Amino acid sequence: MLSFPVLEAIGIFWAADAIGGWVLLWLLLAAVAGVLLIRIERVAWGARLLFSVQSGAHPLAALFASGRILLAGGLLVFPGFISDAIALVLLLIPGTWSRRKPDPLRPANDDVLEGEFKRESDDLLR
């Protein structure tokens, strides 16, 4: 656990030696992206959870997706290239940004009722 920040520092110094001051720009942009991910997901997790419950999906899937995004945002805020790579892997895991997939057994339009009908005369309806 203690070696992770040391490895991050060694990686930053190595990259700064190789490419110069662009490392600071990368670290700044990664931190800004991480803060934005955390802020957006902090608002969106409730809606994601509600949407999964309404669509009949298991709510833990939505919680795990939100947790992966929050963890990736935290890793992007933490300075270093190893944590940025782990954050990108977390963001690219299938299911993190999944959309609602249509159920093949469910009709596309839920308002349509199918069946037989018989028209009654207006006199019988009064």
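Note that the coordinates shown come from a computational prediction; the quantities given were computed from them, not determined experimentally.

## Concerning the packing of aromatic side chains
Point 1. Here the structure, examined in full by the defined rule, presents two aromatic pairs.
Point 2. Consider the rings of phenylalanine 4 and phenylalanine 78, whose centres lie 5.8 Å apart with planes at 20 degrees: the pair is stacked. A residue pair is termed long-range when its members are at least 10 positions apart, and phenylalanine 4 in helix α1 (residues 3-19) and phenylalanine 78 in the loop between α3 (59-77) and α4 (81-92) qualify at 74 residues.
Point 3. Among the residues examined, phenylalanine 78 registers a relative accessible area of 32% and is labelled partly exposed.

## Details of a nonpolar patch on the surface
Point 1. Together, Val6, Leu7, Ile10, Ile82 and Ile86 line one region of the surface with nonpolar side chains, adding up to about 420 Å² of accessible area.
Point 2. Secondary-structure elements contributing two or more residues to the nonpolar patch are α1 and α4.
Point 3. The biggest single contributor to the nonpolar patch is α1, with three residues.
Point 4. Here isoleucine 86 shows up in helix α4.
Point 5. The exposure class assigned to isoleucine 86 is partly exposed, which follows from its relative accessible area of 38%.

Thresholds, definitions, all that
- Residues numbered from 1 in each chain as written.
- Predicted model: local features only at pLDDT ≥ 70, side-chain atom pairs only at ≥ 80, totals over all residues.
- Heavy atoms only, no water.
- Phe/Tyr/Trp six-rings, centres within 6.5 Å; stacked < 30°, edge-to-face > 60°.
- Helix = DSSP H or I, 4+ residues; strand = E, 2+ residues; numbered from the N terminus.
- Buried < 20%, exposed > 50% of the residue type's maximum accessible area, 1.4 Å probe, protein only.
- Patch = residues over 30% accessible without salt bridge, like charges linked within 9 Å, V, L, I, M, F, W, Y side chains within 5 Å.
- Areas by Shrake-Rupley, 256 points an atom, 1.4 Å probe, with all protein chains shown as cover.
- Salt bridge = Lys/Arg side-chain N within 4 Å of Asp/Glu carboxyl O.

Everything listed here is a matter of geometry and, on its own, says nothing about what the molecule does.
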